[in-house]
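Structure at a glance
Residues per chain, in single letters:
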Amino acid sequence: MKTRSNHLVNQSVCKICYSKYIGSFRSKLQRDVVFILLLMLSFNMASAQEDVATDDYKPFSVGAHLKNMHLWHGFVVHPGAVLATDLEYNSRNEKFTFGFWGGASFSGTDIFNENTGENVSAYYKEFSIYTKYRFSERFFVEAVSHNNYTGVEERGDDLHYWSYDKTQGYNFVDVSFGYNVTPNTLLYLATIVGGGSGDYEVEADGVLKDSWTQYFEVSSVVWQNENSNFSLFVGGAWSFFTDKTFYTEGAGNIVNVGATFSKDLYVVKYKVPVSVTAMWNPEEEKTVLQLDIALF
């Protein structure tokens, strides 16, 4: 019995050590992804310096959107008005893109502070890094380091922007592929790396089993004219490793169904692209309407 007991203890210790090793490896993998993105940017900018722009090539651009709420893959990320901005670099051949995307809200949401036991108001705040490479007009690969740090300090935690600790719940990386089967129809597959931002399942022995959640979406423009179009989309999520996914509490499910109408409005001679998205999430039984105005 003593030998059997020691064997079980050693098994348990090995499992815990293995779990810690895998967690450390995947955290390092996420950091390495971000490092590779930055390295790719430096190489592309270095090559761009060899060809001083004497034409209409504009490597850098900025944008700003005003939204009544912020939606993402079936989530209502923030239910109130948001100003979203981006700073982007594009290579001369338009194949490589690297950029920063950020959002900030005009109103707060209630966050529970475990130290005080009270609800406090926290404004939506996000700063994300993304890159995309277009192999052809139809196929591209994309990676995003998401950082939605809304309420981190308000709930009593210390903010560590570059931390990819899966239990912190606000920093994670996903890698996606997109393929246009027709000029108007896109197939999009995104995978969350490791167990980032709570993308894991707690097993009976306490080990955190990463989900590596897959999100797949089909979107298609079904009508258009000179300055407007109407598109439909449907997206679902699942995991090959756990029942729980990043998008669902139980097994995989459809999480994002809807339609978007986009139109170019003109204020005097200034073009203002406007879109309205009706979104239904069957998993959360939630339906919302998002207004998105492109300021520039």
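For the structure given in this document, a descriptive report is provided here. (Residues numbered from 1 in each chain as written. Predicted model: local features only at pLDDT ≥ 70, side-chain atom pairs only at ≥ 80, totals over all residues. Heavy atoms only, no water.)

Brief notes about the overall build of the chain
Filter applied, for reference: Helix and strand definitions follow DSSP, with helices as H or I runs of at least four residues and strands as E runs of at least two, each counted in order from the N terminus. Any two residues whose heavy atoms approach within 4.5 Å are treated as being in contact. Working definition of accessibility: Shrake-Rupley area with a 1.4 Å probe, residue cover restricted to the visible protein chains.
On a plain count of helices and strands, the chain comes out with one helix and 16 strands. Sequence-distant contacts, at least 24 apart, represent 53% of the contacts inside the chain between residues at least 6 apart. When the accessible area of the chain is evaluated, it comes to approximately 16,900 Å², of which 60% is carbon and sulfur surface.

Quick look at the pairing of strand S9 (residues 185-192)
Quick note on the threshold: Note on exposure labels: buried denotes an accessible area under 20% of the residue type's maximum, exposed denotes more than 50%, and partly exposed covers the range between, all computed with a 1.4 Å probe on protein chains only. By definition, two strands form a pair when at least two bridges between them are found by DSSP.
Across the eight residues that make up S9, a large majority, six, are buried. In sequence, strand S8 (residues 171-182) turns back onto S9 through a hairpin of two residues. Bridging between S9 and strand S12 (residues 214-224) involves seven bridges; their strand directions are antiparallel. Bridge pairing in S12 links Thr-185 to Ser-220.

Observations regarding the environment of Asp-110
Within the secondary structure layout, Asp-110 lies in strand S5 (residues 96-113). Among the residues examined, Asp-110 registers a relative accessible area of 61% and is labelled exposed. Taking the C-alpha atoms as reference points, Asp-110 and Ser-121, eleven residues apart in sequence, are found 4.7 Å from one another. When near neighbours in sequence (up to four residues on either side) are disregarded, Asp-110 contacts Asn-119 and Val-120.

What is shown is where atoms sit, not what they do.
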